[in-house]
Amino acid sequence: MQRTLSILAVVYLLITSCANQVRPRGGEKDVTSPLLLESTPKDSALNVVLTSISLEFDEFVRVQPNELVITPTLKNPILVKQKGKHVTLEIQDTLLSNTTYTMQFGNAIKDITEGNPLENADLVFSTGNYLDSLTLTGSVTDLEQGALAPRTLIGLYDGNSPDSLVISQRPLYFTTSDQAGRFSFKNLKNNTYKVFAIQDGNNNLTWDNNEKLGMASGVSPIRSADKLRMEIYSQESQNQSVKNVKFDLPGRVTWTSSKQKMMNDVEILYPIEQMKQQYFAKEVNDLHQLWIEPEIDSISLIITSNNKSETFNLNSPKAQLENLSLENAGRRKKQSVQIVPNRSLIITMNHPIIDVDTDLFRLVENDSTNITSNSSIAHSRDSLIVDYPWKYGTSYSIEMLPGAVTDWFDQKNDTMNIVGRTKSEEEIGNVDLKLIGFNEKESLILLLKNESGNEVLRQPIDSEDVSMKNLVPGKYILTIFNDADGDNQWDSGNIFLSKLPEEIKHYSDKIEVRANWSLNVQFDVGGLTNK
């Protein structure tokens, strides 16, 4: 019996010791990149004739063919064949004679264990008896934003090629700018190049309509000892078209079309006899509005854009005419606004304004003092403009009695109230701007945006001294451009039409406005000339 218990104890110990065993650890994580042991052709080889490139590695790798880059670029994709640690890249093109090729592996080749990429292993070879050795370096910025342009495609084309080639054909040589907007090329042939910078959002190595673009012509690596500075910007449409034409509300037709001069480009064909003597057209960014009689249930009109005319026949929607109201207020009869000293208060309505009866307005200061007689009320096409020497740290209310405003449809308002408050002088800051190199003959426009990119101020400049008052504390972005065509907007131009963008400069730093503080800023605007 005792012998049996001893045997059972031994078995128990064996079982429990097996149950407590732990699998051995797998060792440290592999962080070593694969090593290229041998290549055919060898790096810097001359007089190369080949249809494939052979690569031998020290470990098993995987290859992503779409990450492989060879310049000058090939028409056909590279085919990848792999066996063990050996990789063959089959070239389906006939290589150019007396040309230096560079195979850039980037992140195309990684080990199969941890995905460590092959590093510092570009392969250079020549089909001639020497290696091209010229270099080209530079940087690229976003002209509209005044900021560095990282991850921008930089492409080199033959200097005699047409500009339009960037739309349909990949560049001979290309690279991508780094996080600081810098780029560089090596092993270039001694040619003259056309250089394009493309915000290549879809990575197709060509330019598409919605992508920003920049160009430099006549660039020679030998003559370009200095770094090439490039700028990208949106291109004005060559084929502006009218889109989204609709009779969206009784009495209103809308459509979208950029840079269109409204009043000259709309012709009403029908029903002329029911129309008022004049009609009202409104343009907000790319959205255009045509206001007509609400009783009209169908309309035929011609809209011309970019010398192209289109006829549209539209039927009115089955809906009731909207009542006159404050813009974006819906059915609410009260709206809160921010009032700023030394600036007009703009109150936007949902319909065009035809008339204003100033006797039906009541302005009150600090809930008690009637200041109507000291104020001025006017109107633009769709907005009321209220002027008064607004005081700091003061509350105001504006009551619009019934009939104060008459709109395009002869509708009159119900009672509406606008309330607002000015900040105290201790809550706001000022910026006194001195423009160095100011030329009063140029049509300069100042544009100030907050850190979120929202426009705070836009105004023409008529002096080298500009005062920006009553700013809410925060950081601001300052831009000044030459408004050559007088439309109060910065126009980007078009490379393909040989139309240059309007000259523009961005202040180098964000301007930090502090409460109860005046900041002096100098801004060099020399060179903002109308070319």
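Residues numbered from 1 in each chain as written. Predicted model: local features only at pLDDT ≥ 70, side-chain atom pairs only at ≥ 80, totals over all residues. Heavy atoms only, no water.

(A) Molecular detail of the overall build of the chain. What the chain contains, in helices and strands, is two helices and 42 strands. Nonlocal contacts in the chain, meaning residues at least 24 apart in sequence, comprise 68% of its contacts between residues at least 6 apart. (Helix = DSSP H or I, 4+ residues; strand = E, 2+ residues; numbered from the N terminus. Contact = heavy atoms within 4.5 Å.)

(B) The arrangement of the sheet that holds strand β26 (residues 345-348) in detail. Read across the sheet, three strands follow the order β26-β31-β30 without closing on themselves; strand pairing throughout is antiparallel. Two strands in the sheet have a free side with no partner beyond their single neighbour: β26 and β30 (376-379). Strand after strand, the sheet turns through a mean of 20 degrees between neighbouring axes, direction not considered. When β26 meets strand β31 (residues 383-387), the two strands line up antiparallel, connected through four bridges. Residue Thr348 lies in a different strand from β31, and its bridge partner there is Ser383. (Pairing = 2+ DSSP bridges. Axes fitted to C-alpha atoms, helices over the stretch in contact; angles between N-to-C directions.)

(C) Inspection of unusual backbone geometry at higher detail. At the junction of Thr71 and Pro72, the peptide bond is cis and its omega measures out at -5 degrees in the coordinates. Among the structural elements, Pro72 can be located in the loop between β4 (69-71) and β5 (79-83). Phi at Asn244 takes a positive value of approximately 55 degrees, unusual for a residue other than glycine. In this fold, Asn244 is placed in strand β18 (residues 243-249). One non-glycine residue, Asn342, adopts positive backbone phi at about 70 degrees. Of note, Asn342 is situated in the loop between β25 (334-338) and β26. Judged by relative accessible area, which is 64%, Asn342 ranks as exposed. (Buried < 20%, exposed > 50% of the residue type's maximum accessible area, 1.4 Å probe, protein only.)

(D) Representation of the confidence of the model for the chain. On average, residues of the chain score 87 in pLDDT, and 89% of them are at 70 or above. Across residues 1-5 the pLDDT falls below 50, and counting only partners more than four positions away or on other chains, this stretch makes zero contacts in the model. Predicted confidence is poor over residues 7-24, with pLDDT under 50, and the contacts of this stretch with residues over four places away or in other chains come to zero contacts. (pLDDT = per-residue confidence, 0-100.)

(E) Examining the side chain of Asp142 more closely. For Asp142, the location among the structural elements is in strand β10 (residues 134-142). Within the local environment of Asp142, its side chain forms a polar contact with the backbone nitrogen of Gln145, the two atoms lying 3.1 Å apart. If we skip the residues at most four places from it in the chain, Asp142 touches Ala147, Ala149, Lys212 and Ile232. (Polar contact = N/O pair within 3.5 Å; in protein donor to acceptor, adjacent residues only side chain to side chain.)

(F) Structural context of the packing of aromatic side chains. Per the stated rule, a full pass over the model turns up 10 aromatic pairs. Summarising the aromatic geometry, the rings of Tyr388 and Trp390 are spaced 5.4 Å apart at their centres and angled 65 degrees between planes, so their arrangement reads as edge-to-face. For Trp390, a relative accessible area of 6% corresponds to the buried category. Ring plane angle 80 degrees and centroid distance 4.9 Å describe the contact between Trp390 and Tyr396, whose orientation is recorded as edge-to-face. Here the basic side chain of Lys85 rests over the ring of Phe60, its NZ or CZ set 5.7 Å away from the ring centre. (Phe/Tyr/Trp six-rings, centres within 6.5 Å; stacked < 30°, edge-to-face > 60°. Lys NZ or Arg CZ within 6 Å of the ring centre and 35° of its normal.)

(G) Structural view of the pairing of strand β15 (residues 193-198). With six of its six residues buried, β15 lies for the most part within the structure. Both strand β12 (residues 153-158) and β15 contribute to a ladder of six bridges, which runs antiparallel. Within the sheet, the bridge partner assigned to Ile154 lies in β15 and is Ala197. Inspection of the sheet shows β15 paired to strand β16 (residues 213-219) by five bridges, in the antiparallel sense. Residue pairing for β16: Phe196 is matched across the bridge by Met215.

(H) Quick look at the nonpolar core. Grouped together as the largest cluster of nonpolar side chains are 25 residues, with contacts concentrated most on Ile53, Leu55, Leu89, Met103, Phe105, Ile109 and Phe125. Those elements that place two or more of their residues in this core are β2 (52-57), β3 (61-63), β6 (86-90), β7 (100-104) and β9 (123-126). With near-sequence residues (within four places) excluded, Met103 lies in contact with Ile53, Leu68, Val69, Ile70, Ile78, Leu89, Asp122 and Leu123. Ranked by size, the runner-up nonpolar core spans 24 residues in total, among them Ile339, Ile347, Met349 and Ile418. (Core = buried A, V, L, I, M, F, W, Y, C linked by side-chain atoms within 4.5 Å.)

(I) Structural context of the sheet that holds strand β20 (residues 266-270). Across the sheet, three strands lie side by side as β20-β23-β24; this open sheet has antiparallel pairing. This sheet does not close on itself; its edge strands, each paired only once, are β20 and β24 (308-315). Ignoring strand direction, the axes of neighbouring strands in this sheet form an average angle of 25 degrees. Bridge analysis of strand β23 (residues 298-305) against β24 gives eight bridges, and the strand direction is antiparallel. Looking at β24, one finds that Thr304 is bridged to Ser309.

(J) Region of the structure containing the pattern of salt bridges. Within the structure shown, the criterion is met by 14 salt bridges. Glu365 is paired through a salt bridge with Lys391; the nearest N and O atoms lie 3.2 Å apart. Note that Glu365 is positioned in strand β28 (residues 361-365) and Lys391 in the loop between β31 and β32 (395-400), a separation of 26 residues in sequence. Taking relative accessible area as the criterion, Lys391 reaches 43% and is therefore assigned partly exposed. Note that Glu451 and Lys510 form a salt bridge whose closest N and O atoms lie 3.3 Å from each other. (Salt bridge = Lys/Arg side-chain N within 4 Å of Asp/Glu carboxyl O.)

(K) Local environment of the environment of Phe496. Relative to the elements of secondary structure, Phe496 occurs in the loop between β39 (474-482) and β40 (504-506). Residues Phe496 and Pro162 lie 334 residues apart in sequence; the distance between their C-alpha atoms is 9.4 Å.

(L) Examining the environment of Gln104 more closely. With respect to the secondary-structure elements, Gln104 resides in strand β7. Given the relative accessible area of 26%, Gln104 is considered partly exposed. As for Gln104 and Thr71, which are separated by 33 residues in sequence, their C-alpha atoms are 8.2 Å apart. With sequence-adjacent residues up to four places away left out, Gln104 is seen in contact with Glu67, Leu68, Val69, Thr71, Asp122 and Phe174.

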